[in-house]
Amino acid sequence: MGARKAIAAEKRSAEKKQKAIAVLRDCPTSPRKMRLVADIIRGVEINKALGILRFSKKEASIRMEKLLKSAIANWEAKNEGERLEDAQLCVKEVFVDGGRMLKRIQPAPQGRAHRIRKRSNHVTIVVDKIQTVEKN
């Protein structure tokens, strides 16, 4: 491997060490409802995000809070020497993708049937340090 590639790979691994990722798969709520909660906490500092999720009335916020706690625990496992209070972490990325769809049939008038689509989703949270802008 050349010197430039080695330097770039080392830089990527250093950036990856700061990030912590948590993924929730096949969550049985619709992606649209989960995205409403995800939009609220995107880019917010983690303590504030946990407070928002704890006092939100939406059912999806319970699962999102548990996932955020998992991402924080993953960050602590990666960075054993650092304290969580000193790190100033924020929710860097949150995205919700559609999961599998269970298809059910509901009886309708005159011998017909309507299809019911029970949606699920996949949620990914990335927790990272807050980037400070330095003046040169």
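Heads up: these notes are all about the structure in this document. (Residues numbered from 1 in each chain as written. Predicted model: local features only at pLDDT ≥ 70, side-chain atom pairs only at ≥ 80, totals over all residues. Heavy atoms only, no water.)

Turning to the nonpolar core, a few remarks are in order. Ranked by size, the top nonpolar core spans 27 residues in total, and within it Met34, Met64, Leu68, Val91, Val94, Ile125 and Val127 carry the most contacts. Of all the secondary-structure elements, those providing two or more residues to this core are strand E1 (20-27), helix H2 (31-41), helix H3 (46-54), helix H4 (60-78), strand E2 (89-98) and strand E5 (121-129). Here this core takes seven residues from H4, the largest share from any one element. Not counting chain neighbours up to four residues away, the residues in contact with Val127 comprise Gln18, Lys19, Ala20, Ile46, Leu68, Ala71, Leu89, Cys90 and Lys92. (Core = buried A, V, L, I, M, F, W, Y, C linked by side-chain atoms within 4.5 Å. Buried < 20%, exposed > 50% of the residue type's maximum accessible area, 1.4 Å probe, protein only. Helix = DSSP H or I, 4+ residues; strand = E, 2+ residues; numbered from the N terminus. Contact = heavy atoms within 4.5 Å.)

What follows covers the environment of Pro31. Looking at the secondary structure, you find Pro31 in helix H2. For the pair Pro31 and Ile125, spaced 94 residues apart in sequence, the C-alpha to C-alpha distance is 15 Å. Among residues more than four places away in sequence, those in contact with Pro31 are Val96, Gly98, Arg119, Ser120 and Asn121.

Before going further, it helps to spend a moment on the packing of H2 against H3. Axis separation between H2 and H3 bottoms out at 9 Å; the angle between their running directions is 145°. Where H2 crosses over H3, the two elements pack in a sense that is right-handed. The residues of H3 that touch H2, namely those facing Val37, Ile40 and Ile41, are Ala49, Ile52 and Leu53. Tallied by class, the residues present in the contact of H2 with H3 amount to six nonpolar, no polar and no charged. (Axes fitted to C-alpha atoms, helices over the stretch in contact; angles between N-to-C directions. Left-handed = near helix turned anticlockwise from the far one by under 90°. Nonpolar A, V, L, I, M, F, W, Y, C, P; charged D, E, K, R; others polar.)

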